[in-house]
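# Structural description and commentary
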Amino acid sequence: MTDGPDKLRSYLLEARAAVVFTGAGISTESGIPDFRSPGGIWAKYRPIEFDDFMRSVEARRESWRRRFGAAEVLDSARPNRAHLAIAALVKRNVVSAVITQNIDGLHQASGVPDDRVIELHGNTTYAACLSCEKRYELADIRARFEQNGEAPDCACGGYIKTATVSFGQAMPALAMKRAEAATRACDLFVAVGSSLVVYPAAGFPTLAKRGGARLVIVNREPTDQDGMADLVLRSEIGPTFEQAVNGLS
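Let me sum up the structure you'll find in this document. (Residues numbered from 1 in each chain as written. Predicted model: local features only at pLDDT ≥ 70, side-chain atom pairs only at ≥ 80, totals over all residues. Heavy atoms only, no water.)

Let us now look at helix α10 (residues 173-185). Every α-helix carries 3.6 residues per turn, so stepping three or four residues along brings you back to the same face. Over its 13 residues, α10 runs 18 Å from end to end, which matches the ideal 18 Å to within 8%, given 1.5 Å per residue. Every buried residue of α10 is listed here: Ala175, Met176, Ala179, Ala182 and Thr183. Angularly, the buried residues of α10 cover 130° about the axis, an arc narrow enough to put them on a single face. In α10, the exposed residues that point more than 90 degrees away from the buried face are Ala173, Leu174, Lys177, Arg184 and Ala185. (Helix = DSSP H or I, 4+ residues; strand = E, 2+ residues; numbered from the N terminus. Expected span 1.5 Å × (residues − 1). Buried < 20%, exposed > 50% of the residue type's maximum accessible area, 1.4 Å probe, protein only. Arc of directions from axis to C-beta.)

Right, let's get into the packing of aromatic side chains. For the structure shown, the criterion picks out three aromatic pairs. Taken together, a centroid distance of 5.7 Å and an interplanar angle of 45° make the contact between Phe68 and Phe145 tilted. Here Phe68 is found in helix α5 (residues 57-69), whereas its partner Phe145 is found in helix α9 (residues 138-148), with 77 residues between them in sequence. Taken as a pair, Phe68 and Phe145 share a single burial class, namely buried. Members of the aromatic cluster, connected to one another through ring pairs, are Trp64, Phe68 and Phe145. (Phe/Tyr/Trp six-rings, centres within 6.5 Å; stacked < 30°, edge-to-face > 60°.)

In this section: the pattern of salt bridges. As enumerated under the stated definition, the model contains 18 salt bridges in all. In this structure, the salt-bridge partner of Asp75 is Arg67, at a minimum N-O distance of 2.9 Å. Its relative accessible area of 42% is what places Asp75 among the partly exposed residues. Ionic pairing is found between Arg184 and Glu180, a salt bridge with its closest N-O pair at 3.0 Å. With Arg184 and Glu180 both in helix α10 and four residues apart, the pair spans about one turn of that helix. By relative accessible area, which is 54% here, Arg184 ends up exposed. Via salt bridges that share partners, Glu58, Arg61, Glu62, Arg65, Arg66 and Glu150 belong to a single interconnected network. (Salt bridge = Lys/Arg side-chain N within 4 Å of Asp/Glu carboxyl O.)

And the structure:
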């Protein structure tokens, strides 16, 4: 619908507390492939389960080989027009929180403060010890890995892993609690670039709608939740958001 961005703009203008929920579709416009799409990483490799990572040194080595093998794409990606438009909405206090399924850190890179981004699946731009939670920068980890080919361990004896949520790993309790609170408090929930099939994260649009919020879904493909949305836009995300934000007073 050609007037879709204008309708989204009107909803944003009327909102007191809007929440933006983002999935892989927003980052594909920055050149990061959707893991689930044909040609994505899961089409090439079986995902490494968290239990395997903890149990097998070879699984840990392979996990780091894959991360550094994807470094050219992940580390060179930059925020696109949609990220920048959402950051502008946060700066104007139109959007109270950005809940994301993405692990690329592009919302923070676009200017959204750390405390306004809720990362449900973690962040691949740094690493952390699974025991003491000490943070490690990837450049340091890569130098060690390329020197000896061994999966890095922390000084405390714990395993170091990218700060992401792996298959079989518990969802981050604090992030889920924050996301639920933001969703319950919002009067406009905008789901962007998500297929809305990965639970429990995909339950947030329904939670918002049941709480009385308007629901907008912006995604190139249909989702199972389109039927309950107040507005569905099947269009390129960057131009849609840029047009919606332009003209906001």
